[in-house]
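Here are the chains, one letter per residue:
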Amino acid sequence: MGRHLQTLAAAVIFLLISWIFFTDQFSIFPNPNSDIVCQLQEPTAPTFYDDPTDIYTLDTPMLQWDKKRSRWLHLHPAFSPPENRLLLVTGSQPAPCPDQGRTQKFFLVRSVWVKLAALRAAMVAHPQVEWLFWLDSDTVITDMDFVIPFERYEGYNMVVDGWPDLLVNRSWVAVNTGSFFIRNCGWSMEFLYVWAGMSPSYEKWGGVLRSTFKDKMFPDADEQSSLIYLILEGPKRWREKIYMENRYALSGYWHGIVGRFDGMRAEYGAWGEGRRRHAEVPCSGEHNTEYEGDSCSVGMKRALDFADDQVLRNYGFVHTGLGDASLVVPLKRKVDH
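Residues numbered from 1 in each chain as written. Predicted model: local features only at pLDDT ≥ 70, side-chain atom pairs only at ≥ 80, totals over all residues. Heavy atoms only, no water.

(A) Region of interest: the side chain of T177. Relative to the assigned elements, T177 resides in strand β4 (residues 175-183). Since its relative accessible area comes to 1%, T177 is described here as buried. A polar side-chain atom of T177 sits 2.7 Å from a polar atom in the side chain of E223. Contacts of T177, omitting those with residues within four sequence positions, involve K115, W134, D136, W195, E223, Q224 and L227. (Helix = DSSP H or I, 4+ residues; strand = E, 2+ residues; numbered from the N terminus. Buried < 20%, exposed > 50% of the residue type's maximum accessible area, 1.4 Å probe, protein only. Polar contact = N/O pair within 3.5 Å; in protein donor to acceptor, adjacent residues only side chain to side chain. Contact = heavy atoms within 4.5 Å.)

(B) Geometry of the nonpolar core. Grouped together as the largest cluster of nonpolar side chains are 45 residues, with contacts concentrated most on M158, F191, W195 and L227. Element by element, the count of residues in this core is highest for helix α6 (residues 186-196), at six residues. For L227, the contacting residues outside a window of four places in its chain are M158, V160, V175, T177, F191, W195 and I242. (Core = buried A, V, L, I, M, F, W, Y, C linked by side-chain atoms within 4.5 Å.)

(C) Layout of the environment of N246. Structurally, N246 can be placed in the loop between β5 (242-245) and α10 (261-267). Note: C-alpha distance between N246 and P164 (82 residues apart in sequence) is 9.1 Å. Sequence-distant contacts of N246, that is, excluding residues within four places in its chain, are made with G162 and P164. Reaching out from N246, the side chain makes a polar contact with the backbone oxygen of G162 at a distance of 3.4 Å.

(D) Structural view of the pattern of salt bridges. One pass over the structure, following the stated rule, counts eight salt bridges. Two residues, R69 and E130, come together in a salt bridge whose shortest N-O distance is 3.0 Å. With R69 in helix α2 (residues 65-75) and E130 in the loop between α4 (114-125) and β2 (131-136), the pair connects residues that are 61 residues apart, well separated along the chain. A relative accessible area of 8% places R69 in the buried class. According to the relative accessible area criterion, E130 is buried, its value standing at 11%. Taking the shortest distance from any N to any O, the salt bridge between R152 and E245 comes out at 2.9 Å. (Salt bridge = Lys/Arg side-chain N within 4 Å of Asp/Glu carboxyl O.)

(E) The arrangement of the environment of G155 in detail. If you trace the backbone, G155 turns up in the loop between β2 and β3 (158-162). Considered as a pair, G155 and I242 are 87 residues apart in the sequence and their alpha carbons are 9.3 Å apart. Sequence-distant contacts of G155, defined by excluding residues within four places in its chain, comprise R183 and K241.

Read these as layout, nothing more, since geometry by itself doesn't imply function.
Here it is in structure tokens:
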């Protein structure tokens, strides 16, 4: 009896090993169509990670980043070429540090500026990524089908939602930094360092920005006004690499978007076809008395259900209606005649 059990156990183990080795799901051979790469042996040649002066934080400039990143990619050919590989970066704003004396030791001390530090760290941590997509934490992506037109941004290193007419009129809302793309390159490293350098001199830049943008109602030096200031008053090498996108909604205020979902949903038709659009819908957790009751939270639920529908359509299902996430029904099928 014991010998039979041993034989059975050996047979099961053999079949399991064979299944692991020869099935596609756990194949030991690399899949050339997969973006997931497993490099079993790390190259022994030194890279920028071995240099203690190349740090993740913004208080030190990153020199020769293009050269360092290019060498890293050369040593890790499985990640080359990066083409338009995209990394989404987001984060919530920290509360002010209660120890004011201690905060003076930090390069960035204001909450709205932490996105720049996060982007710098992400670039260093992920040299295989070509683009980084920053999204504010109060943002909802409402079009899961949208394909980012990267070919339009060839020759540019930053893409922001912007309006040239407002830029000419020196408005502090000429661009929106709630969501933007930035390329992982030396230009971006240097630009982030210069841009973030406006944060420590908080009160000084607050006054400069307030006098520059007459429609700016608050005295704080925020990262959005500072970016617009650099575009207008900074060297040409900054603004000539920044693309102001307004052919599609890279970002938009929730109140002007959530009411359009029913019409956009109808464009898909019964079989899930239709035009594709893109928008982010920011909505903070604080209630704005300008809007009635729970209009913001209801709008966010509709936005999430709209995006959820786009994913469900790939599996043949759809919500019965926006705002009712509890029930889905099969899509109608086209019949070829």
